[in-house]
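Take a look at the letters that make up each chain.
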Amino acid sequence: MAIKEPSIIASPNRGLALTVGGILALWGILGFFFAADAGYGFFGPKGGMLWNAFQVNPPLALLWTLLAAALLIVALGTTIASRNMNRLVGVVLIVLALYGFVFMNTSANILALNTTDNVFHAIVGVLLLLTGLGADKENIRALRAEAARA
């Protein structure tokens, strides 16, 4: 009996990649419009306000859009790819949160990060990383065993 790739609903990694990818895509696209309204420099430490909470400039909007594209592509692919991308994006977001907390009120804040951005990046990064590390073990084990038999 052949093992099928779990659906997006049955795979926590694929489902989370789709959800976070959709949120980041929406925020990234909207971020370009709000960042353009701010009138600050491209890599300026200040940016436009998205929903009066998230400060955004064009590089941050671009980063969100690229991460969203990566997550959405793998969410429509395989469980193993989603797991690996969740781990990678999780680490990137955690590093981004740490960068933001350290350089928030300095001229080195080239992504116009504020506290809300940093908390969001930290929470979503940890969620992606933990899901990538802990979920879908049985699904992946079954898929690898099937691949070894073939």
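A surface patch of nonpolar side chains, amounting to about 300 Å² of accessible area, comprises I29, F33 and F34. Mapped onto the elements of the fold, I29 is located in helix α1 (residues 12–38). I29 gets classed as partly exposed once you look at its relative accessible area, which sits at 49%.

Counting through the fold element by element, L98 comes out in helix α3 (residues 79–103). C-alpha of L98 to C-alpha of I123: the two residues are 25 residues apart in sequence and 12 Å apart in space.

This paragraph deals with unusual backbone geometry. One non-glycine residue, A112, lies in the positive phi region at around 55°. As for its placement among the helices and strands, A112 is situated in the loop between α3 and α4 (115–134).

L24 and W64 are the most contacted members of the largest nonpolar core, which has 26 residues in total. Counting residues per element, the ones that place at least two in this core are α1, β2 (54–56), α2 (58–75), α3 and α4. If one sorts the elements of this core by residue count, α2 sits on top with eight residues. Residues in contact with W64, not counting those within four places in the same chain, are L24, W27, G28, L50, F54, V56, D117 and H121.

What counts, and where the lines are drawn
Note on numbering: residues in each chain are counted from 1, in written sequence order. In keeping with the model being predicted, local features are shown solely for residues with a pLDDT of at least 70 and side-chain atom pairs are shown and tallied solely at 80 or more, while totals for entire chains, interfaces and linings include all residues. Values reported for side chains reflect all heavy atoms of the structure, with hydrogen atoms and water molecules removed beforehand. Candidate patch residues must exceed 30% relative accessible area and have no salt bridge, after which like charges are joined if within 9 Å and Val, Leu, Ile, Met, Phe, Trp or Tyr side chains if within 5 Å. With residues, only the protein chains shown are counted as cover, and all accessible areas are computed by Shrake-Rupley using a 1.4 Å probe. Criterion for a salt bridge: a side-chain nitrogen of Lys or Arg within 4 Å of a carboxyl oxygen of Asp or Glu. Only runs of H or I of at least four residues qualify as helices and only runs of E of at least two qualify as strands under DSSP, and these elements are numbered from the N terminus. Burial here depends on accessible area, computed with a 1.4 Å probe over protein chains only, as a share of the maximum for the residue type. Under 20% is buried, over 50% is exposed, and the range in between is partly exposed. To qualify as a nonpolar core, a set must consist of buried Ala, Val, Leu, Ile, Met, Phe, Trp, Tyr and Cys residues joined through side-chain atoms within 4.5 Å. In this description, contact between two residues means that some pair of their heavy atoms is separated by no more than 4.5 Å.

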